[in-house]
Amino acid sequence: VEVGSDLLLPKAQALLELGDFYGTVSDTGKLLKMHPQHLEALYLRGTAYYKLGEHEQAILHFREALKSDPEHKQNKEGHKLVKKLDKAHK
């Protein structure tokens, strides 16, 4: 069943909350193909990658969102969190 783009974001958010991080990555990927600078989709995708331990991918998505809106609160916080975590592991 194909989900319309207007439903992909809430579905991806629900999947993230349920712990289906791969599902979140998949649905946000579909949404980002249609709307490459969708800030909320970039945030959800970055968060899912963070939860999966794929920190480089998480940082890329948070940074992409921050290019469009440097003051986007969620993406700024996500980016800081992953960078801080990476520094702690080095």
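Let me begin by describing the structure that accompanies this report. (Residues numbered from 1 in each chain as written. Predicted model: local features only at pLDDT ≥ 70, side-chain atom pairs only at ≥ 80, totals over all residues. Heavy atoms only, no water.)

Comments concerning the pattern of salt bridges
Should their charged atoms come close, side chains of opposite charge can pair.
Then, in step 1: Per the stated rule, a full pass over the model turns up four salt bridges.
Then, in step 2: Lys11 is the salt-bridge partner of Asp27, the closest N and O atoms lying 3.1 Å from each other. Taken as a pair, Asp27 in helix α2 (residues 21-34) and Lys11 in helix α1 (residues 5-18) lie far apart in primary sequence, 16 residues in all.
Then, in step 3: The shortest N-O distance in the salt bridge between Asp27 and Lys30 comes to 3.7 Å. Of this pair, Asp27 and Lys30 both sit in helix α2, separated by three residues, roughly a single helical turn.
Then, in step 4: Judged by its relative accessible area of 40%, Lys30 is partly exposed. (Salt bridge = Lys/Arg side-chain N within 4 Å of Asp/Glu carboxyl O. Helix = DSSP H or I, 4+ residues; strand = E, 2+ residues; numbered from the N terminus. Buried < 20%, exposed > 50% of the residue type's maximum accessible area, 1.4 Å probe, protein only.)

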